2 protein chains.
Amino acid sequence: MSTKRQILIIGAGRSASSLIQYLLDKSDAENLHLVVADLTLALAETKTNAHPNATALVLDINQVEKRRAAVQHADIVISMLPASMHLGVAQDCIDFGKHLITASYVSNDMMAMDAQVKAKGLIFMNEIGLDPGIDHMSAMQIIDRIKANGGKMILFESFTGGLVAPESDDNLWHYKFTWNPRNVVVAGQGGAAKFIQEGRYKYIPYQKLFRRTEILHIDGYGKFEGLANRDSLKYREIYGLDDIHTMYRGTIRRVGYSKAWNVFVQLGMTDDTYLMENTQNMSYREFINSFLPYHPYDSVELKLRQYLQIDQDDVLWEKLEELELFNPSKKVNMPKATPAQILEKILTEKWTLKPEDKDMIVMLHKFGFELNGVKKQIESSMVVIGRDQVYTAMSDTVGLPVAMATLKILNKQITRPGVQIPINQEVYEPILEELKEYGVVFTEKEVPYLGYNQERILGY
Amino acid sequence: MSTKRQILIIGAGRSASSLIQYLLDKSDAENLHLVVADLTLALAETKTNAHPNATALVLDINQVEKRRAAVQHADIVISMLPASMHLGVAQDCIDFGKHLITASYVSNDMMAMDAQVKAKGLIFMNEIGLDPGIDHMSAMQIIDRIKANGGKMILFESFTGGLVAPESDDNLWHYKFTWNPRNVVVAGQGGAAKFIQEGRYKYIPYQKLFRRTEILHIDGYGKFEGLANRDSLKYREIYGLDDIHTMYRGTIRRVGYSKAWNVFVQLGMTDDTYLMENTQNMSYREFINSFLPYHPYDSVELKLRQYLQIDQDDVLWEKLEELELFNPSKKVNMPKATPAQILEKILTEKWTLKPEDKDMIVMLHKFGFELNGVKKQIESSMVVIGRDQVYTAMSDTVGLPVAMATLKILNKQITRPGVQIPINQEVYEPILEELKEYGVVFTEKEVPYLGYNQERILGY
């Protein structure tokens with residue numbers, strides 16, 4: 001074992017399954033030994049699964065000495081911890097001269113380590129999961145190619161969604177929870193969505209976010225809708241798209257989801273900032289009625305239709321009924337809860353994946369560019385269906401790029417030092433190539449340029 | 001001068017004008033000397049106006065020794081500072097055994113001083129301005145009377161508004177800024193409004209707040225609208241209304257204001273949490289367009305009408321035009337600004353009181369109660385028109401109760417010690433009586449009980 005190269009993986013949650021499986025599968029050929037560390041030993045042991053090339057380790061990252069010892073003994077470190085918890089591990093990696101790989105957004109604190117990391121010749125590779133991760137790599141591959149061919153980028157739109165696979169899609173929302181439900185319930189509440197369209201900055205407040213969707217088509221999978229992420233402009237400079245006219249990043253749902261979700265937003269059901277009264281014995285019907293005006297005898301249904309001006313034949317109504325929102329017998333049964341917590345409970349009853357269900361990851365990029373005076377557009381899309389409930393599409397697409405990057409760094413196929421994200425060809429080319437073997441394949445097609453013709457703008 | 005009783009007034013802003021005038025007018029008869037302390041000497045001097053019974057003092061409340069000396073030399077202290085800045089002064093008052101009067105909400109920190117205050121036999125009277133202040137006193141006077149007569153309170157609604165006087169009301173919004181404009185722009189953003197109606201808790205999120213108004217009538221002044229305050233239930237226990245079926249506190253505007261204001265809310269123009277891009281050269285028209293979907297040739301007007309479904313003949317449109325929101329020549333001209341700051345600037349241009357303008361304070365209470373098996377309702381209302389731009393209705397109604405309470409405490413007509421608010425008869429009776437001399441008069445009438453008949457409730 002002493003001759004094996006040791007990979008320390010901190011955090012053995014859902015997103016680590018495919019990552020660990022990939023590395024274990026290669027452990028003999030690549031001479032690897034995995035140390036899978038988690039706060040919960042049982043969880044780590046599930047993932048190592050008595051494999052001879054793996055050890056499970058109990059680790060509370062606040063136990064500094066134990067954490068430092070684990071880092072010191074490793075040849076390379078993967079942190080699958082939440083983004084805010086990487087820093088201690090990152091400092092250990094600098095101290096002991098170890099490379100670090102994470103799937104998290106680069107925090108300011110992480111970025112501040114760049115000089116130290118470079119000075120030691122280390123690679124701290126971040127944002128190398130799905131989103132962020134595969135989105136960066138697949139976008140930069142095409143952007144770099146367009147530029148290399150002499151094209152000038154004028155439009156970039158990028159959408160990602162974690163959905164349910166068509167064969168498991170059996171509810172009216174065409175949605176199930178494939179990741180943290182709370183994040184889905186409070187999505188969009190961080191502040192106004194900001195993007196640029198035809199050179200104009202646009203801002204969408206939370207109360208309008210779910211009514212400003214864009215319809216998307218993906219061959220073989222039909223129609224989807226995209227809704228704006230909070231900050232579409234964050235990667236404008238990083239991607240080298242400083243002068244781009246249109247830049248928009250968004251989340252993918254099936255068509256109709258957002259219009260129905262907007263009912264929750266308008267009622268105030270997604271608010272996670274205050275506790276409601278009397279939630280223990282509150283029925284689902286009383287929950288919805290808490291957000292409607294009082295009336296001595298009008299029904300909850302009539303009040304809701306009138307309040308939000310929902311037509312009698314609007315299909316969103318059946319989506320609400322499917323959740324049993326009007327049921328006076330179903331009880332919230334939580335002693336203290338915010339509206340968002342109650343909504344999450346109601347949704348979880350209906351939107352939990354069944355044992356045989358599969359999830360689906362969908363990604364779509366649109367690239368508009370000018371080449372030799374002609375405006376062109378390329379669309380590139382990827383659809384991944386999960387293998388099962390452990391090796392989900394989410395686990396694969398988050399974990400595999402992390403695992404591949406780790407091995408390529410260990411094997412010195414990726415060598416550029418520093419705190420970075422996978423936007424360089426050295427990184428994205430080999431990883432995108434290898435991802436194809438695992439079914440992560442982008443389909444590219446040229447379409448007519450769909451941006452608006454600047455010359456036709458009369459006013460605005 | 002050494003025999004005079006010294007009143008220290010900290011903070012000489014707008015709200016201190018009527019307060020200082022009242023005390024100066026009584027200074028000879030009552031043997032008073034006022035020390036008016038402010039960060040700005042000129043402001044303090046404007047208020048003391050070379051009166052022989054007053055001294056202006058420069059005081060930065062963070063200069064602890066100077067502050068403590070000022071408190072030590074006073075016989076009683078009034079703090080007109082913002083609520084968060086009272087604490088140092090309050091501690092000084094305990095240390096030197098001085099009574100303290102403020103118009104601010106009692107903070108937890110202030111409440112925590114209660115035992116010390118009582119131990120020293122001191123009175124820390126808070127919330128004795130307009131709202132909070134006159135609202136507490138005028139409500140408790142009637143509530144105590146109803147209870148004393150054997151009535152059982154079943155409904156309490158209370159509304160207050162700072163508006164423009166009818167003779168100065170010359171814009172379509174029927175509104176001008178009579179207080180801090182920023183507070184008006186961000187009003188309602190602190191969290192969902194919460195109240196109880198016919199025994200049911202109700203919650204209104206910000207995005208619906210301005211569409212859930214209640215129409216109010218005040219004899220001689222016509223129709224108004226009330227919109228819910230954040231927490232209507234805060235005073236339920238304090239007022240002794242624990243079992244009340246309906247409790248609602250709100251803000252008064254003229255009818256139609258809220259429907260038009262809702263346009264700003266829906267667009268996201270009241271957001272004070274992020275800086276917009278390119279605000280220096282942004283026109284008002286571009287400002288509104290930032291919140292609308294991009295279109296190559298549809299006008300801002302058409303997009304707005306479509307987006308918020310505003311009918312061609314909706315009168316709110318003229319309210320928007322009056323503000324010149326569609327004007328492409330008017331420039332924001334601010335280097336960095338949030339949407340709320342830009343909106344405040346646009347509104348301030350149109351909603352600033354002219355030199356001859358007068359403001360108006362409106363307060364309305366509704367009391368529902370059961371007496372001998374019969375449901376009854378009393379409405380009590382107050383309208384105060386400002387005297388001029390210095391002695392505004394706002395300054396009078398905030399400052400006069402503070403001044404009156406100060407003098408009555410100094411003269412030992414109010415004696416109950418402790419950190420308190422004016423809900424005791426000892427306080428509200430004499431002050432409400434004296435306020436009448438200054439035109440602060442409540443008109444009471446009995447109306448049919450307007451609460452909903454519990455027996456008619458079939459479902460809900």
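Residues numbered from 1 in each chain as written. Chains lettered and ligands numbered in written order. Predicted model: local features only at pLDDT ≥ 70, side-chain atom pairs only at ≥ 80, totals over all residues. Heavy atoms only, no water.

## Focus on the overall build of chain A
- Regarding its fold elements, chain A presents 17 helices and 16 strands.
- A compact globule built from 460 residues should have a C-alpha radius of gyration of about 23 Å, and chain A, at 24 Å, falls within 12% of that.
- Along the three orthogonal principal directions, the C-alpha set of chain A runs to about 75 × 60 × 40 Å.
- Looking at chain A residue by residue over its 460 residues, the buried ones come to 57%.
- Nonlocal contacts in chain A, meaning residues at least 24 apart in sequence, comprise 71% of its contacts between residues at least 6 apart.
- Total accessible area on chain A stands at roughly 18,600 Å², and carbon and sulfur atoms take up 49% of it.
- The averaged location of the 58 negative side-chain charges in chain A is 2 Å from the averaged location of its 51 positive side-chain charges. (Helix = DSSP H or I, 4+ residues; strand = E, 2+ residues; numbered from the N terminus. Rg over C-alpha atoms; globule rule 2.2 N^0.38 Å. Buried < 20%, exposed > 50% of the residue type's maximum accessible area, 1.4 Å probe, protein only. Contact = heavy atoms within 4.5 Å. Areas by Shrake-Rupley, 256 points an atom, 1.4 Å probe, with all protein chains shown as cover. Lys, Arg positive; Asp, Glu negative; His and termini not counted. Charge placed at Lys NZ, Arg CZ, Asp CG, Glu CD.)

## Here's the deal with the packing of aromatic side chains
- Applying the stated rule across the entire model yields 46 aromatic pairs over all chains.
- Ring geometry for Tyr175(A) against Tyr257(A): centres 5.2 Å apart, planes inclined by 55°, an arrangement best described as tilted. Note that Tyr175(A) is positioned in the loop between strand S7 (152-164) and helix H9 (181-185) and Tyr257(A) in helix H11 (residues 257-267), a separation of 82 residues in sequence.
- Owing to a relative accessible area of 2%, Tyr257(A) belongs among the buried residues under this scheme.
- When the centroid spacing of 5.0 Å and the interplanar angle of 20° are considered together, the rings of Trp317(B) and Phe326(B) count as stacked. (Phe/Tyr/Trp six-rings, centres within 6.5 Å; stacked < 30°, edge-to-face > 60°.)

## Concerning the relation of the copies chain A and chain B
- Rotating chain A by 180° about the axis while translating it 0.0 Å along that axis superimposes it on chain B, leaving an RMSD of 0.1 Å. Taken together, the rotation angle and the small translation identify this as a two-fold axis. Looking at the rotation axis and the C-alpha trace of chain A, the residue lying nearest is Gln207(A), at 3.1 Å.
- Mapped onto chain B, 100% of the interface residues of chain A again fall at the interface, so both copies present the same surface. (Least-squares fit on C-alpha atoms with pLDDT ≥ 70 in both.)

## Re the pattern of salt bridges
- Applying the stated criterion to the full structure yields 46 salt bridges over all chains.
- Notably, a salt bridge pairs Arg182(A) with Asp272(A), separated by 2.7 Å at the nearest N-O pair. Separated by 90 residues along the polypeptide, Arg182(A) in helix H9 and Asp272(A) in the loop between H11 and helix H12 (284-289) bring together distant segments of the chain.
- Asp272(A) sits in the partly exposed class, given a relative accessible area of 21%.
- One salt bridge in this structure joins Arg5(B) and Glu30(B), with 3.2 Å as the shortest N-O distance. Of this pair, Arg5(B) sits in strand S1 (residues 5-10) while Glu30(B) sits in helix H2 (residues 27-30), placing them 25 residues apart in sequence.
- Exposure remark for Glu30(B): the relative accessible area of 24% places this residue in the partly exposed category.
- Through salt bridges with shared partners, one network takes in Arg67(A), Arg68(A), Asp92(A) and Asp95(A). (Salt bridge = Lys/Arg side-chain N within 4 Å of Asp/Glu carboxyl O.)

## A short note on the interface of chain A and chain B
- Contacts between the two partners involve 45 residues from chain A and, on the opposite side, 45 residues from chain B.
- Taken over both partners, the interface formed by chain A and chain B buries close to 4,200 Å², and the fraction arising from carbon and sulfur atoms is 53%.
- Between Lys194(A) and Glu277(B) there is a salt bridge, with the nearest N and O atoms lying 2.7 Å from each other.
- One can count 16 residue pairs in polar contact (both at pLDDT 80 or more) joining chain A with chain B.
- Mapped by element, the contributors of at least two residues to the side of chain A that touches chain B are strand S8 (193-197), strand S9 (200-204), helix H10 (206-209), H11, H12 and helix H13 (300-307) of chain A.
- Considering each element in turn, the side of chain A that touches chain B owes the most residues, 4 residues, to S9(A).
- Its residues assigned to classes, the side of chain A that touches chain B shows 21 nonpolar, 11 polar and 13 charged. (Buried area = accessible area lost by both parts, 1.4 Å probe. Polar contact = N/O pair within 3.5 Å; in protein donor to acceptor, adjacent residues only side chain to side chain. Nonpolar A, V, L, I, M, F, W, Y, C, P; charged D, E, K, R; others polar.)

## Digging into the confidence of the model for chain A
- The predicted model of chain A has a mean per-residue pLDDT of 95, with 97% of residues at 70 or higher.
- In this model residues 454-460 of chain A is a low-confidence stretch, pLDDT under 50, and it forms 20 contacts with partners more than four residues away in sequence or in other chains. (pLDDT = per-residue confidence, 0-100.)

## Side note on the domain arrangement of chain A
All names here are of chain A.
- Its domain assignment divides chain A into domain 1 (5-126), domain 2 (134-257 + 355-389 + 441-447) and domain 3 (261-351).
- Taking only C-alpha atoms into account, the centre of domain 1 sits 30 Å from that of domain 2.
- Across the contact, 5 residues belong to domain 1 and 6 residues belong to domain 2.
- Taken together, the two surfaces of domain 1 and domain 2 that pack against each other cover about 410 Å², and 38% of this comes from carbon and sulfur.
- Joining domain 1 to domain 2, the criterion identifies 0 salt bridges. (Domains from an automatic or database assignment.)

## Structural notes on the sheet that holds strand S5 (residues 99-102) of chain B
Residue and element names in this part refer to chain B.
- Taken in spatial order, the 7 strands make up an open sheet running S3-S2-S1-S4-S5-S6-S15, and their pairing is parallel. The open sheet is flanked by strand S3 (54-58) and strand S15 (418-420), the only strands paired with a single partner. On average, each strand axis in the sheet is inclined to that of its neighbour by 15°, with strand direction left out of account.
- The pairing of strand S4 (residues 76-79) with S5 spans 4 bridges and is classified as parallel. From the neighbouring strand, Val77 faces S5, where its bridge partner is Leu100.
- Sitting on the sheet, helix H1 (residues 17-25) is in contact with S1, strand S2 (32-38), S3 and S4, with an inclination near 160° to S2. (Pairing = 2+ DSSP bridges. Axes fitted to C-alpha atoms, helices over the stretch in contact; angles between N-to-C directions.)

## Looking at the sheet that holds strand S1 (residues 5-10) of chain A
Residue and element names in this part refer to chain A.
- The parallel open sheet is built from 7 strands, whose spatial order is S3-S2-S1-S4-S5-S6-S15. Strands with a single pairing partner mark the edges of an open sheet, and in this sheet they are strand S3 (54-58) and strand S15 (418-420). In this sheet, neighbouring strand axes are inclined to one another by 15° on average, regardless of whether the strands run parallel or antiparallel.
- Packed onto the sheet, helix H4 (residues 64-73) meets S1, S3 and strand S4 (76-79) and runs at close to 145° relative to S1.

## Remarks on the nonpolar core
- Trp261(A), Leu304(A) and Phe124(B) are the most contacted members of the largest nonpolar core, which totals 155 residues.
- Here Phe124(B) is in contact with Ala90(B), Cys93(B), Ile94(B), Lys98(B), Leu100(B), Met110(B), Met113(B), Val117(B), Gly418(B), Val419(B) and Gln420(B), once residues within four sequence places are set aside. (Core = buried A, V, L, I, M, F, W, Y, C linked by side-chain atoms within 4.5 Å.)

## What to know about the side chain of Lys194(A)
- As for its placement among the helices and strands, Lys194(A) is situated in strand S8.
- Polar side-chain contacts of Lys194(A) include one of 2.7 Å to the side chain of Glu277(B).

## As for the environment of Phe210(B)
All names here are of chain B.
- Examined against the element boundaries, Phe210 turns out to sit in the loop between helix H10 (206-209) and strand S10 (214-218).
- Residues Phe210 and Ser258, 48 residues apart in the sequence, show an inter-C-alpha distance of 5.0 Å.
- Beyond its immediate chain neighbours, meaning those up to four positions away, Phe210 contacts Ala187, Leu227, Ser258, Lys259, Trp261, Asn262 and Val265.

## Remarks on the packing of helix H4 (residues 64-73) of chain B against helix H5 (residues 86-96) of chain B
All names here are of chain B.
- At a minimum axis distance of 9 Å, the contact between H4 and H5 shows a crossing angle of 50°. One element, H4, and the other, H5, form an angle in the oblique class. The chirality of how H4 crosses H5 is right-handed. Contacts between H4 and H5 involve Arg67, Arg68, Val71 and Gln72 from the former and Gly88, Val89, Asp92, Cys93, Asp95 and Phe96 from the latter. (Parallel < 35°, antiparallel > 145°, perpendicular 65-115°, else oblique. Left-handed = near helix turned anticlockwise from the far one by under 90°.)

## Remarks on the pairing of strand S13 (residues 359-371) of chain A
All names here are of chain A.
- Among the 13 residues of S13, 12 are classified as buried, and the element is accordingly described as predominantly covered.
- Direction of pairing for S7 relative to S13: antiparallel, over a ladder of 12 bridges. Note on S13: the bridge partner recorded for Gly162 is Ile361.
- As defined by bridge partners, S13 adjoins strand S14 (residues 374-385) across 12 bridges and the pair is classed as antiparallel. Bridging from a neighbouring strand, Phe369 pairs with Lys376 of S14.
- Hairpin connection from S13 to S14: 2 residues lie between these consecutive antiparallel strands, with Asn372 at a positive phi of about 50°.

## Thoughts on helix H11 (residues 257-267) of chain B
Residues and elements named next belong to chain B.
- Where burial is concerned, most of H11 is hidden: 10 out of the 11 residues are buried.
- For H11, the full list of buried residues reads Tyr257, Ser258, Ala260, Trp261, Asn262, Val263, Phe264, Val265, Gln266 and Leu267.
- Within two residues after H11, Gly268 carries a phi angle of roughly 100°, on the positive side.

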